[in-house]
Amino acid sequence: MPNRYTFQRRLPYLLLAPSVIVLLALILYPLAFALRNSFWFWNLQTSPMPLYHSGWDNYRMVFQVTPFAVALKNTLLLSFLGTFAQFWLGMGIALLLHTHLRGMGLMRAALIMPTTLAPVVAGFLFRYLLEPKGGLLPWLLEGIGFPVPPQGFLGNANTALFSIGLVDTWQWTPFFAIVLYAGLLSINEEIKEAAEVDGAAPWRMFWSITLPLLRPIAAFLVMIRFMQLFNSFDLVFVLTSGGPGTASRTLSFNLYREGLVNYNIGLTAAMTWLVVIIVSVIINLYLFFIYRKREW
Amino acid sequence: MSKCGISRRDFLKAGGAAGAALAGASPLGSLARVAAQSDSAINVLTVGDPWDLALQSVTDQFTEATGITVNIESLGYTALQARLVNAFLTQSADADVIAVDQMWISQYADNGWIRSLDDFISMDSDAHFDDFLPECLYSLSTWRNQVWTLPIASYAQGIMYRTDLFETAGLDPLPSSLADAGMWTWEDYFAILEQINGMDLDGTSMYGTTVIGAQPVPVVHMYSQLSASYGTRWFTQFPEAPWDFTPTINSDANLAALNDWKRLYELSPPESINYLWFDAGTRFSQGDIGMFYHWTPYFYLVNNEGYLTGTPSPVVDKFETAVLPTLTAGGDQVVSLGGWSLGMPSTSANQEAAWQFIKWATGAEAQKAMGEVNVKGYQFADFSRQSNYDDADLNAIYPFLGTQLEMMKLGDGKVVRPPAPIYTSLEGVYGLQINQAMSGQVSSEQALRTTQTLFENILRGNQMIPYGVESFDDTLENTKALQASLSGM
């Protein structure tokens with residue numbers, strides 16, 4: 001019969017068990033289900049149920065019949081550039097907010113507004129703003145002599161993906177700014193004062209004090225936004241539907257096409273697993289390099 | 001590859017047997033009784049196309065006549081398909097009547113998700129089944145010699161052009177009927193476009209035309225008309241039996257069509273590479289497009305400045321409609337015929353009431369009432385019945401019905417965009433390649449070579465080459481014979 005000490009030792013595990021079981025069921029089961037489907041021929045256009053075990057055929061078809069490589073390239077470009085731009089723009093705004101200039105309170109309130117919009121709404125908004133015939137942005141840019149493609153920014157293969165990135169940056173930079181601003185507020189002012197006494201220049205203080213102290217928050221933010229950008233769908237769907245051609249195709253749009261338009265469940269499952277593997281590799285590499293020194 | 005316990009053939013057989021059992025169990029004799037029930041209600045899932053507004057405007061008439069309450073829910077195209085497939089897979093009775101795109105028929109019928117209407121039609125003389133244009137039934141409603149749905153809105157394609165611009169340019173009016181179209185060719189069409197492109201009309205610089213360029217679906221809808229007129233066929237043999245889905249998309253005819261499609265784009269606003277259906281219609285109604293071809297609902301939709309704005313467009317009374325040209329003078333023509341029909345899910349618990357609604361909504365009387373709905377302009381002329389085209393009142397409202405009917409009668413929805421299983425996958429890659437050719441990312445030759453390869457990969461990957469399931473000689477003649485048989489003729 002277990003004694004009181006044993007029971008107390010096991011109690012935390014018992015209390016955690018229901019949550020762990022639910023989490024496993026919600027995460028592992030769908031992944032396992034998708035993994036199983038990825039090895040079966042199951043296309044709802046031809047049959048409501050899986051017909052036969054197809055080996056690696058679905059994985060081969062991902063590369064043979066879908067624009068997977070170009071979608072991966074676009075997704076990586078959008079994710080890396082978008083996260084980079086949003087982080088540094090957000091950092092700049094956070095530092096500006098931290099200066100306690102007049103009007104910053106109003107600025108903080110206004111900043112949150114783009115983030116509260118649904119991406120679909122933001123997409124429709126910018127679709128009209130970017131409309132080549134009468135859209136506000138092309139009109140303004142042409143006014144200052146900036147070349148606007150005749151097909152519009154969304155219709156040109158060279159600018160479509162960047163336009164999506166721009167809209168996403170408009171929407172999510174404030175999120176970075178507000179969270180980083182909260183991080184700035186949490187930094188002990190005495191450390192900065194000590195650096196000032198030692199004669200540190202503002203630039204040096206930023207690189208050696210502010211940024212390292214913000215790292216825990218920043219690392220988390222960057223990881224979350226990177227994963228969100230990697231899964232970009234709404235803006236792509238509303239703004240360009242992946243076009244022109246494949247110029248703004250992303251992996252999520254590919255998944256949507258195969259899963260909810262073509263209803264090829266087996267192929268979609270295979271693609272899902274490829275995406276899971278790619279994201280996992282990137283995120284684990286990121287975490288490895290960020291946390292390996294454990295200095296923060 | 002190891003085989004699963006059930007093969008596709010077995011599944012289709014089982015589905016057919018289940019369908020037959022369902023049909024046999026249905027008390028068709030009680031149809032009349034349903035009309036007298038005042039407490040029954042049906043759920044209808046439709047798509048947010050213009051015809052849906054007209055239908056919803058007159059549905060009260062059905063309720064008054066039968067006592068059956070109708071709950072209509074409209075969804076977007078993709079959302080509707082997703083909702084329906086989800087309901088079918090979970091076998092939930094989500095709706096009693098559903099709007100079915102012509103491309104979904106093979107999937108829904110072969111999977112046993114909708115039930116055949118043959119028994120309902122043959123046992124109900126009120127259906128006036130013989131009044132339907134066979135081309136509409138053939139293109140929208142039949143699959144493997146059974147009627148699965150009835151057309152609620154049929155679309156052909158035709159030309160709209162600016163009469164004031166033609167007068168200024170000294171051009172003759174275009175033929176509005178086939179009788180006048182003997183020498184009317186695509187080369188004439190291009191010659192006119194090149195003449196009017198860049199012309200000034202009352203201070204407006206005109207574009208010759210506009211294309212619908214967004215990939216993948218919209219561009220295929222417009223491009224496939226030109227391509228079919230040029231003689232392109234997607235497969236070696238379909239819909240005639242035996243079906244051979246070996247693709248023939250990389251042909252000389254299609255290459256000529258794609259090169260000319262790029263000419264069309266050069267004569268269009270550059271941003272039309274991203275245009276959806278309605279973007280192109282709206283652009284014409286805004287007044288700087290000389291001529292274009294589109295689905296026939298735009299014959300009336302362009303009278304509004306925008307969809308349901310209620311504001312008359314600047315082109316009202318300044319445009320006319322015309323028949324499509326042929327590749328060679330007096331040559332063969334095939335017209336894209338698409339649209340929507342109403343079907344009955346196998347899971348519906350109110351099948352008799354559902355049939356009453358389908359019969360009523362697709363009937364000549366309700367269709368006329370839909371055509372007379374004037375909510376911010378007349379919103380429905382997509383008739384599928386001969387009697388509606390002969391109706392003097394409707395012809396007074398929609399003077400282009402004669403042109404539209406002639407295009408309908410040349411319609412072949414099974415050739416221009418063949419509704420074979422996995423059509424949407426093929427359309428997805430085809431539209432992408434056309435769009436890439438337009439944007440200059442690939443050449444026409446490369447686009448068609450890639451399309452051919454991708455078609456082969458998709459068709460082989462989906463067990464369509466070689467085709468192992470029984471074929472059916474799915475011709476217009478067989479549909480006419482089926483129509484006569486079900487009409488008791």
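Further up the page is the structure itself.
These notes cover the structure that comes with them. (Residues numbered from 1 in each chain as written. Chains lettered and ligands numbered in written order. Predicted model: local features only at pLDDT ≥ 70, side-chain atom pairs only at ≥ 80, totals over all residues.)

So, unusual backbone geometry
Now for step 1: In this structure, Pro239 of chain B follows Phe238 of chain B across a cis peptide bond, with omega equal to 10°.
Now for step 2: Going from Ala241 of chain B to Pro242 of chain B, the amide bond is cis rather than trans, its omega being -10°.
Now for step 3: The topology assignment puts Pro242 of chain B in the loop between strand E10 (235-237) and strand E11 (244-247).
Now for step 4: Positive phi is not limited to glycine here, since Ser241 of chain A has a value of about 50°.
Now for step 5: Counting through the fold element by element, Ser241 of chain A comes out in the loop between helix H10 (234-239) and helix H11 (251-261).
Now for step 6: For Ser241 of chain A, a count of 23 C-beta atoms within 10 Å corresponds to the buried category.
Now for step 7: A positive phi is found at Gln91 of chain B, a non-glycine position, where the angle reads about 55°.
Now for step 8: Looking at the secondary structure, you find Gln91 of chain B in the loop between helix H4 (77-89) and strand E3 (97-101). (Helix = DSSP H or I, 4+ residues; strand = E, 2+ residues; numbered from the N terminus. Buried ≥ 20, exposed ≤ 12 C-beta atoms within 10 Å, placed from the backbone.)

Digging into the pairing of strand E1 (residues 41-47) of chain B
Residues and elements named next belong to chain B.
Now for step 1: Of all seven residues that make up E1, five are buried, and the element is covered over most of its length.
Now for step 2: As paired strands, E1 and strand E2 (residues 69-75) are joined by seven bridges and run parallel to one another. The partner of Ala41 across the bridge, within E2, is Thr69.
Now for step 3: Here two bridges tie E1 to E3, and the two strands are oriented parallel to one another. The partner of Leu45 across the bridge, within E3, is Ile98. (Pairing = 2+ DSSP bridges.)

Details of the sheet that holds strand E12 (residues 291-295) of chain B
Whenever strands of a sheet pair, they do so through backbone hydrogen bonds, lying parallel or antiparallel.
Residue and element names in this part refer to chain B.
Now for step 1: Across the sheet, three strands lie side by side as E12-E7-E13; this open sheet has antiparallel pairing. Two strands close off the open sheet at either side, each with one partner strand: E12 and strand E13 (319-322). Each strand of the sheet is rotated relative to its neighbour by a mean of 30°, with strand direction disregarded. (Axes fitted to C-alpha atoms, helices over the stretch in contact; angles between N-to-C directions.)

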